[in-house]
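As a plain string of letters, each chain reads:
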Amino acid sequence: ASITNTATVAGGGEVETSNNSGSLTSPVIVVPRPDLTVTKTSASTFVQGGAATYVLTVSNVGNADSSGTVTLTDPMPPGLTISSPPTGAAWDCSASTATAVTCTSSSSIPAGQAAPTVTAHVAVALDAPASITNTASVRGSGEASTLNNTGSLTSSVAPAPADLTIAKGAQGGPFHRGGTVAYQ
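All right, on to the sheet that holds strand β9 (residues 118–124) then. Read from one edge of the open sheet, four strands run β3-β5-β9-β7, paired in antiparallel fashion. Two strands in the sheet have a free side with no partner beyond their single neighbour: β3 (36–41) and β7 (80–87). The mean angle between the axes of side-by-side strands here comes to 25°, regardless of whether they run parallel or antiparallel. Sheet analysis places β3 next to strand β5 (residues 51–60), joined by six bridges and oriented antiparallel. Along β5, the bridge assignment pairs Thr37 with Ser59.

Put into structure tokens, the structure is as follows:
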């Protein structure tokens, strides 16, 4: 790869214009660097008072393998809490809390590939809003760009199903057809 820079001069009453520009072509050296991204998916139906599952995938879209520690964070928005410890092969998620997934991995992620996924099980609050946006982020050393280090998913939350019961009882008796009964 190369880049060409051209400069041009004009004016001053000049009559010979064939030599008014000059160019320099320089080679461009592409430095191999990792570039981490995160995507978040869920096949769950979100219902107030229910449960859901997120799957987080960290990918290296750069032109070099990652090195050093990769950190994945996913703070829960209002209406969600983590219901069991997040899991993922090659990930240490022991720093996670009820309100945030925090996982680290020192395994290299090859260029153009993804790390093993992290699964997070969440509880949906009874008063969760009708729509929840959850955003995760990833960071690692030597990245080509940090502008693409977040991934979000917006999920609709259905209201909790109604849980109604009716209890009916009669006092008195004996009861006769056509008679009056008081229910409580």
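Before going further, it helps to spend a moment on the packing of aromatic side chains. Enumeration over the complete set of coordinates arrives at one aromatic pair. Ring geometry for Phe46 against Tyr54: centres 5.6 Å apart, planes inclined by 50°, an arrangement best described as tilted. When the ring centre of Tyr54 is taken as origin, the NZ or CZ atom of Lys40, which lies over that ring, is 4.4 Å away.

Let us now look at the sheet that holds strand β4 (residues 46–47). The strand order β4-β11-β10-β6-β8 describes an open sheet built from five strands, whose pairing is mixed. Only two strands of the sheet have a single neighbouring strand rather than two, namely β4 and β8 (100–105). As defined by bridge partners, strand β6 (residues 70–75) adjoins strand β10 (residues 131–139) across three bridges and the pair is classed as antiparallel. Paired with Leu72 across the bridge in β10 is Val138.

Quick look at the environment of Gly68 now. Structurally, the position occupied by Gly68 is in the loop between β5 and β6. A relative accessible area of 40% means that Gly68 is categorised as partly exposed. Considered as a pair, Gly68 and Ile132 are 64 residues apart in the sequence and their alpha carbons are 33 Å apart.

On to the state of the cysteines. Within this structure, the stated rule accounts for one disulfide. Here Cys93 is linked by a disulfide to Cys103, with a sulfur-sulfur distance of 2.1 Å. Judged by the sign of its S-S torsion, about 110°, the cystine formed by Cys93 and Cys103 is right-handed. Taken as a pair, Cys93 in the loop between β7 and β8 and Cys103 in strand β8 lie far apart in primary sequence, 10 residues in all. When sorted by exposure, Cys93 lands in the same class as Cys103, which is buried.

Relative to the elements of secondary structure, Pro77 occurs in the loop between β6 and β7. You can call Pro77 buried: its relative accessible area is 14%. When the C-alpha positions of Pro77 and Asn134 are compared, they lie 6.1 Å apart, and in sequence the two are 57 residues distant. Beyond its immediate chain neighbours, meaning those up to four positions away, Pro77 contacts Ile132, Thr133 and Asn134.

Before going further, it helps to spend a moment on unusual backbone geometry. It is generally the case that most residues other than glycine have a negative phi and that most peptide bonds are trans. Located in the positive-phi region is Ala90, a residue other than glycine, with phi close to 75°. When you line up the elements, Ala90 lands in the loop between β7 and β8. The partly exposed category is assigned to Ala90, whose relative accessible area is 44%.

Basis of the calculations
Residues numbered from 1 in each chain as written. Predicted model: local features only at pLDDT ≥ 70, side-chain atom pairs only at ≥ 80, totals over all residues. Heavy atoms only, no water. Pairing = 2+ DSSP bridges. Helix = DSSP H or I, 4+ residues; strand = E, 2+ residues; numbered from the N terminus. Axes fitted to C-alpha atoms, helices over the stretch in contact; angles between N-to-C directions. Phe/Tyr/Trp six-rings, centres within 6.5 Å; stacked < 30°, edge-to-face > 60°. Lys NZ or Arg CZ within 6 Å of the ring centre and 35° of its normal. Buried < 20%, exposed > 50% of the residue type's maximum accessible area, 1.4 Å probe, protein only. Disulfide = S-S within 2.5 Å. Contact = heavy atoms within 4.5 Å.

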